[in-house]
Each structure stands twice: as C-alpha cells, then as structure tokens.
Amino acid sequence: MTRYVALLRGINVNGITIAMADLADVFYGLGYTDVKTVLASGNVLFSIDSPLVDKADAAALKVRIEAALTARFEYEAWIVLVDAESLDRIVRAYPFTADHDGWHSYVMFSSDPGHLSELAGHAKELEPSDERIELGHGVLYWEVRKAVGIKSAFSKKSAKLKYRDTTTTRNLNTLHKLLEVTPG
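Thresholds, definitions, all that
Residues numbered from 1 in each chain as written. Predicted model: local features only at pLDDT ≥ 70, side-chain atom pairs only at ≥ 80, totals over all residues. Heavy atoms only, no water. Buried < 20%, exposed > 50% of the residue type's maximum accessible area, 1.4 Å probe, protein only. Helix = DSSP H or I, 4+ residues; strand = E, 2+ residues; numbered from the N terminus. Arc of directions from axis to C-beta. Contact = heavy atoms within 4.5 Å. Pairing = 2+ DSSP bridges. Axes fitted to C-alpha atoms, helices over the stretch in contact; angles between N-to-C directions.

(A) Quick look at helix α7 (residues 172–180). Along α7, the residues classified as buried are Leu172, Thr174, Leu175, Leu178 and Leu179. The buried residues of α7 occupy an angular sector of 155 degrees when the element is viewed end-on, so they sit on one face. Opposite the buried face of α7, at more than 90 degrees from it, the exposed residues are Asn173 and Glu180. Of the surrounding secondary structure, the elements contacted by the buried residues of α7 are β1 (2–8), β3 (43–48), α3 (84–92), β5 (103–110) and β8 (167–171).

(B) The sheet that holds β3, seen in detail. Taking strand neighbours across the sheet as the criterion, the four strands line up as β2-β3-β1-β4 in an open arrangement whose pairing is antiparallel. Only two strands of the sheet have a single partner each, and these edge strands are β2 (33–37) and β4 (79–83). Ignoring which end each strand starts from, the neighbouring axes of this sheet average 20 degrees apart. With five bridges connecting them, β1 and β4 associate as antiparallel partners. Across the sheet, leucine 8 pairs through a bridge with isoleucine 79, a residue of β4. In this fold α3 packs onto β1 and β4, with an angle of close to 90 degrees to the strand it touches most, β4.

Below, the structure is given as structure tokens:
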C-alpha cells in the first residue's frame, strides 16, 4: 500500500468552492482508501493498494484524479501528486530556519521543473533581508518576512500567469500537518 498526497491548485478561491467532504468522496469514488483532507485549501491524503513503480504510473494516476475532479466540480482541475515518503524528504530538506520568528516558510511544487529552475534564477535579484529562495529536489523553497508577504519581489514574479497553471505553494506548517496525519 502506498500513501499519496494530492495538492490541488486554486480551490476555495476565485469562485471555485469545494467542500472537503465532497472532495474526499471523489477520492473514495476512485477506489482509494484512508482518504483525509487537511485544511480547506485542497490537500488530500489517500492510499492505493499497489505501489506505483515509475513516473508513467504516477502521471496516469495524476491524470485520472484531475479528470475526476474536473467532472465532479466542473472546473479545470490541476494537482501535484507526491508520495508521502517524498513529501517527508522535501520537508526535512527545508534549507532555511523553519520556525524563523517573523518569517513565512513555503515550499513551491510544480508540474514543470523548468518553471522552478527559471524562478530559482531570480535568487540573486532578491533582497536577502526580506526573502530567500533555494531550488530543492523537485521543489523550490522560499522564506519571506511576514511584513513583506505578497508584496515581495519573488511573490510578484511567481504570481505571473505563466506559472499559475504549473505551480502551487504550501506553507511548511501545512506540510507538517499533512505528515502528522500520515501513518508511518
């Protein structure tokens, strides 16, 4: 049995409202087990009976989930799919001080690694006293002062339409909550 996390992009904002119970029903309807939603921002943990062995299988699983979400909720669904072991490694590899007082800790996920690399290329343009980014294995780590927040240079760059359909960002605290409800 393999445990996965589906990170949905763009729900419960901009008019796309999905109740977490309805979201869980979609995953149960696909035959997955141990379905749990965490927070109302589109974080779904679930298990499948057989382990996926390669990227093609994971890609097929992602497409299947996106199609089911699109059909049920009538919006163009997009997810990042991460197995629980990989998510644990991503969280443990956070390169900045995770509980840095006065700062937000984020991890950006993407379906297009090229976009993460492109965004990471802006690191030298950022004011280190306000924010820092660092490319990780399949993710981009970001730390930003709370006082700066969405007004930061990186926030403005990453919010461009070009990246909206391929990236989703989670607070490190949210990722810890996901791992807390994941067995093992």
